[in-house]
Amino acid sequence: MKVRESDDAVVLEPRAKAEAAVIWLHGLGADGHDFVPIVQELGLPAGLAVRFVFPHAPVRPVAINNGMRMRAWYDIAPDMRRQDEPGIRESARTVEGILLREIDGGVPAERIVLAGFSQGGAITLHTGLRYGHKLAGLLALSTYLPLPERYAAERNPARQDTPILMCHGQHDPMLPLQLGAWSRDVMQQDGYAVDWREYPMAHQVCAQEIADIGAWLRERLTIKGSDPFISSPQGGPSRAG
């Protein structure tokens, strides 16, 4: 894959014209490079032309880290109950702009997966559950449903058939498993088919999770009736997010 970098994102371009896309949002303090190495471990079909877009969050002060400036999709207060609604909505608009660019560039919305880890996963759920077009799926890793008091009134019930994969570490000290499970339950009660996976890990990703994500992406993005060559996943160590 060809790598393109800009001030806004790292983009992995397939050799052929892109027929699908994955927009993958990083976690607090990281940047768009964070999940690039995972792509080669996903075992996607060699004939499947997928563009991977890894945006960079803006740099902003983060209260939970004593106001230190870092890349963040929104501010986080020491009290998690105080959520940065303006920051969340600003980042959602940014992601909607990226989605629009992909659609205008020829990738149909139903061939786009929106993905994210931790903070990026929260923006994925916030944006994807409200989005007007049908997406191929939402991939939410070690994360939670933000602004739950706004969710019921703002979600798009016409898109509740959107596939959702949620993965969470059983020993996550930053975003406890119970928070992710609660978010899953809220969505399932509203009819979303959430595929929930737990792993014996902390706030990170692991080899089995990467393999499961690859299988889920293949199911979402492989064109029905096609028989592309399936490449073997390249093994790699578990990595922290």
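The rules we used
Residues numbered from 1 in each chain as written. Predicted model: local features only at pLDDT ≥ 70, side-chain atom pairs only at ≥ 80, totals over all residues. Heavy atoms only, no water. Buried < 20%, exposed > 50% of the residue type's maximum accessible area, 1.4 Å probe, protein only. Helix = DSSP H or I, 4+ residues; strand = E, 2+ residues; numbered from the N terminus. Pairing = 2+ DSSP bridges. 1 Å grid on protein atoms, 1.4 Å probe; cavity = no way out; pocket = protein on both sides within 12 Å on 5 of 7 lines; lining within 4 Å. Points joined across faces, edges and corners; volume = space filled by probe spheres on them. Nonpolar A, V, L, I, M, F, W, Y, C, P; charged D, E, K, R; others polar.

Peer 1: It is not clear to me how the pairing of strand S2 (residues 9-13) should be interpreted in this structure. Could you clarify?
Peer 2: The element S2 is largely enclosed, with a buried count of five among its five residues. In S2, alternate side chains face the same way, and those of Ala9, Val11 and Glu13 on one face and Val10 and Leu12 on the other are all buried. One ladder, built from four bridges, connects strand S1 (residues 2-5) with S2; its direction is antiparallel. Paired with arginine 4 across the two strands is valine 11, which belongs to S2. Between the end of S1 and the start of S2, which pair antiparallel, lie three residues. The pairing of S2 with strand S4 (residues 50-55) spans four bridges and is classified as antiparallel. Along S4, the bridge assignment pairs valine 10 with phenylalanine 54.

Peer 1: How do you make sense of empty space enclosed by the protein when you look at a structure like this?
Peer 2: The gaps left among the atoms become clear once a water-sized probe is rolled over them. Evaluated as defined, the whole model comprises one cavity of 30 Å³ or more. In this structure, the largest cavity occupies an estimated 50 Å³ of space. Tyr74, Asp75, Ile76, Ala77, Asp79, Met80, Arg82, Gln83, Asp84 and Tyr144 together form the lining of the largest cavity. Its residues assigned to classes, the lining of the largest cavity shows five nonpolar, one polar and four charged.

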